[in-house]
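Observations on the model geometry
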Amino acid sequence: MDMLKALFVINPSSGKQNFLETIERIISRLIMEQTVNHIDVVYTQKQQDAYEAAFALKKGEYDFVTAIGGDGTINEVIAGIAKSGCEIPVAVLSAGTVNDFANYLHLPDTVPEFCETIKNFRLKKIDVGTLNGKVFMNVVAGGIATDIGYNVSKEMKATFGKMAYYIEGIKEIPKQLFHPFQLRIESEEYQDVGEYLLFMVTNSQSVGGYKQAAPLASISDGALDVILLKKVEITQVTDLIIKILQGDHINHPAVTYFQTKHVKIFPEDDSHISIDYDGEYYGELPADISILEGKIDVI
């Protein structure tokens, strides 16, 4: 294989300690082993920096782009590449707190494994989703406990890691459990108007560190998985929580689960219902969500 030219897009404020040291070791090793002969580096300073760096890329400008950070940074790089049409493959080095995407694809997180992955350079085509035209990688959600990702403080993430999300979740879920909202769901596979506590449209199985959130999902099946939680009676709550912990929630009577290429979700009254996409605040419903099949090459 000819030596490669790469761009590394790095979020220096991502979770793991000493990870800049790890990146230096990776860059040194890739060059010393003559896998790569040219690496440009972009450090992100604020939201959308990673997206803009990837969106500006042209076909053939690099052999691959490495996204380094949490799910937010990785999402931005993938969204930028999907929108740019540059078709440059993506490598991922996760350094965030939860890392749903990297965990789901079993992507390497040590120096030797990562360098070996680049050397082997095997590509997998993956789907991405779009929310009102904006690309997302993993999940769009609203309702109970979906705002945890952006309500957990940076200090709490740094101190407690993934546990910070669970602590916040335990605080929030009882408050939200008895406040359903009126939704209208429209897709070829399912239509309904009713009272819901949660909607989740996901591209992979793992959401918020919970590996069985959408147990039938695949990132390369050309479909999105939709999970809807209807209003539950207080007597059903314990059973629902047990089923969630066992990964069997899709068989609970209050849960609707289906796969689709396109779904629209509307508020049926004048409620302001927030949307989370890949752990970031997006805005409010309505949501028009569809799949872009095989849009990204991941190393």
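It should be noted that the structure appears before, not after, this text.
Read on for an overview of the structure. (Residues numbered from 1 in each chain as written. Predicted model: local features only at pLDDT ≥ 70, side-chain atom pairs only at ≥ 80, totals over all residues. Heavy atoms only, no water.)

**Remarks on the overall build of the protein**
Each helix and strand counted, the protein has nine helices and 15 strands in total. Within the protein, buried positions represent 53% of all 299 residues. Sequence-distant contacts in the protein: of pairs separated by 6 or more residues, those separated by 24 or more amount to 75%. Element-wise, carbon and sulfur atoms account for 51% of the exposed surface of the protein, whose accessible area totals about 14,100 Å². (Helix = DSSP H or I, 4+ residues; strand = E, 2+ residues; numbered from the N terminus. Buried < 20%, exposed > 50% of the residue type's maximum accessible area, 1.4 Å probe, protein only. Contact = heavy atoms within 4.5 Å. Areas by Shrake-Rupley, 256 points an atom, 1.4 Å probe, with all protein chains shown as cover.)

**Structural notes on the nonpolar core**
Leu-57, Val-65, Val-77, Ile-78, Ile-81, Phe-101 and Ile-296 are the most contacted members of the largest nonpolar core, which totals 30 residues. When residues of this core are traced back to their parent elements, those giving at least two are β1 (4-10), α2 (49-55), β3 (64-69), α3 (71-84), β4 (90-94), α4 (100-104), β5 (124-131) and β15 (287-298). Per-element accounting of this core gives the leading share, six residues, to α3. Once residues lying within four places of it in the same chain are set aside, the contact partners of Val-77 are Val-9, Ala-50, Ala-54, Val-65, Ala-67 and Val-90. Formed by 23 residues, the second largest nonpolar core is a distinct cluster that contains Phe-136, Tyr-196, Phe-199 and Tyr-277. (Core = buried A, V, L, I, M, F, W, Y, C linked by side-chain atoms within 4.5 Å.)

**Focus: the pattern of salt bridges**
Enumeration according to the criterion identifies eleven salt bridges in this entry. Across the pair Lys-59 and Glu-87 runs a salt bridge whose closest N-O atoms are separated by 3.7 Å. Placement of the pair is Lys-59 in the loop between α2 and β3 and Glu-87 in the loop between α3 and β4, with a sequence separation of 28 residues. Given the relative accessible area of 58%, Glu-87 is considered exposed. Connected through salt bridges with shared partners, the residues Arg-29, Glu-33 and Lys-119 form a single ionic network. (Salt bridge = Lys/Arg side-chain N within 4 Å of Asp/Glu carboxyl O.)

**Comments concerning the environment of Gln-212**
Among the structural elements, Gln-212 can be located in the loop between β9 (191-202) and β10 (224-230). When the C-alpha atoms of Gln-212 and His-249 are compared, they prove to be 9.4 Å apart, with 37 residues separating the residues in sequence.

**Comments concerning the pairing of strand β7 (residues 139-143)**
Counting buried positions along β7 gives five out of five residues, so the element sits mostly inside the fold. Pairing of β7 with β9 involves five bridges; the strand directions are antiparallel. Bridge pairing links Ala-141 to Met-200 in β9. As paired elements, β7 and strand β13 (residues 274-277) share two bridges and run antiparallel to each other. Opposite Val-140, over in β13, you have Tyr-277 as the bridge partner. (Pairing = 2+ DSSP bridges.)

**Some details on α3**
The end-to-end C-alpha distance of α3, which contains 14 residues, comes to 20 Å, matching closely the 20 Å that a straight helix rising 1.5 Å per residue would cover. Among the 14 residues of α3, twelve are classified as buried, and the element is accordingly described as predominantly covered. Note on α3: the residue one or two positions beyond its end, Gly-85, has a positive phi of about 75 degrees. (Expected span 1.5 Å × (residues − 1).)

**Points about the packing of helix α1 (residues 19-32) against helix α5 (residues 111-120)**
Two elements in contact, α1 and α5, have axes whose closest approach is 10 Å; the angle formed by their N-to-C orientations is 40 degrees. When the interaxial angle is binned, α1 and α5 end up oblique. You can see that α1 and α5 cross each other, and the crossing is right-handed. In contact with Thr-22, Arg-25, Ile-26, Arg-29 and Leu-30 of α1, α5 contributes Val-111, Pro-112, Phe-114, Cys-115 and Ile-118. Residues of the contact of α1 with α5, tallied by class, amount to seven nonpolar, one polar and two charged. (Axes fitted to C-alpha atoms, helices over the stretch in contact; angles between N-to-C directions. Parallel < 35°, antiparallel > 145°, perpendicular 65-115°, else oblique. Left-handed = near helix turned anticlockwise from the far one by under 90°. Nonpolar A, V, L, I, M, F, W, Y, C, P; charged D, E, K, R; others polar.)

**Re unusual backbone geometry**
A cis amide bond, omega 15 degrees, links Leu-285 with the succeeding residue Pro-286. Not every positive phi belongs to a glycine, and Gln-34 is a case in point at roughly 60 degrees. As for its placement among the helices and strands, Gln-34 is situated in the loop between α1 and β2 (36-43). Classification of Gln-34 as exposed rests on a relative accessible area of 56%. The backbone phi angle of Glu-87 is positive, close to 60 degrees, even though this residue is not glycine.

**Some details on α1**
For an α-helix, 3.6 residues make a turn, and residues three or four places apart therefore share a direction. Along its 14 residues, α1 runs 20 Å from first to last C-alpha, staying within 8% of the 20 Å computed at 1.5 Å per residue. Buried residues belonging to α1 abut β1, β2, β3, β4 and α5. In the stretch just after α1, Gln-34 is the one whose phi turns positive, near 60 degrees.

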